[in-house]
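# Per-entry structural report
This is what each chain is made of:
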Amino acid sequence: QVQLVESGGGLVQPGGSLRLSCATSGNILSINTMGWYRQAPGKERELVASITRSTSTNYVDSVKGRFTISRDSAKNTVYLQMNSLKPEDTAVYYCYARNFDSTFWGQGTQVTVSS
């Protein structure tokens, strides 16, 4: 089992920045990939960014150049730095961790971009 605890969401004006954190515990050595999904009201959950054990990253086109995913292995934490935020980035952001046969989820953190 892997436990995930997210933090860092909130309300920010368009053009602002936020950094989300996802702290992991449990069987973390089994994790291959971690990342963030988001779900806006009335929309399907979409993959925002992911990072592998070898630190290979992937982003959805709408956040490329604005968001950066990173991991601190010493702290067992994954971060999502979000810059130049837009109202369409408003969603609940979920951290996930995946090993060879399971996906684990955090509780979600709300990000609201509004003036």
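Scope of this entry: the structure provided in the associated data block. (Residues numbered from 1 in each chain as written. Predicted model: local features only at pLDDT ≥ 70, side-chain atom pairs only at ≥ 80, totals over all residues. Heavy atoms only, no water.)

## Points about the packing of aromatic side chains
- Going through the model one piece at a time under the given rule, you end up with three aromatic pairs.
- Geometrically, the ring pair formed by Tyr37 and Trp105 is edge-to-face, given 5.3 Å between the ring centres and 65 degrees between the ring planes. With a gap of 68 residues between them, Tyr37 in strand β4 (residues 33-39) and Trp105 in strand β10 (residues 103-105) connect regions that are remote in the sequence.
- Judged by relative accessible area, which is 18%, Tyr37 ranks as buried.
- Considering the side-chain rings of Tyr96 and Trp105, the 5.8 Å spacing of their centres and the 45 degrees angle between planes classify their relative orientation as tilted.
- We classify Trp105 as partly exposed; its relative accessible area is 37%. (Phe/Tyr/Trp six-rings, centres within 6.5 Å; stacked < 30°, edge-to-face > 60°. Helix = DSSP H or I, 4+ residues; strand = E, 2+ residues; numbered from the N terminus. Buried < 20%, exposed > 50% of the residue type's maximum accessible area, 1.4 Å probe, protein only.)

## Quick notes on unusual backbone geometry
- In this structure, Thr55 takes a positive phi of about 65 degrees despite not being glycine.
- Structurally, the position occupied by Thr55 is in the loop between β5 (46-52) and β6 (57-59).
- Classification of Thr55 by relative accessible area gives partly exposed; the value is 48%.
- We note that Ser84 has phi near 50 degrees; this positive angle belongs to a residue other than glycine.
- Inspection of the secondary structure puts Ser84 in the loop between β8 (77-82) and β9 (91-98).

## Brief notes about the layout of surface pockets
- Roughly 180 Å³ of volume is contained in the largest pocket.
- Around the largest pocket sit Thr24, Ile28, Leu29, Ile31, Met34, Arg53, Arg71, Asp72, Ser73, Asn76, Thr77 and Val78, which together line it.
- Taken together, the elements giving at least two residues each to the lining of the largest pocket come down to β7 (67-72) and β8. (1 Å grid on protein atoms, 1.4 Å probe; cavity = no way out; pocket = protein on both sides within 12 Å on 5 of 7 lines; lining within 4 Å. Points joined across faces, edges and corners; volume = space filled by probe spheres on them.)

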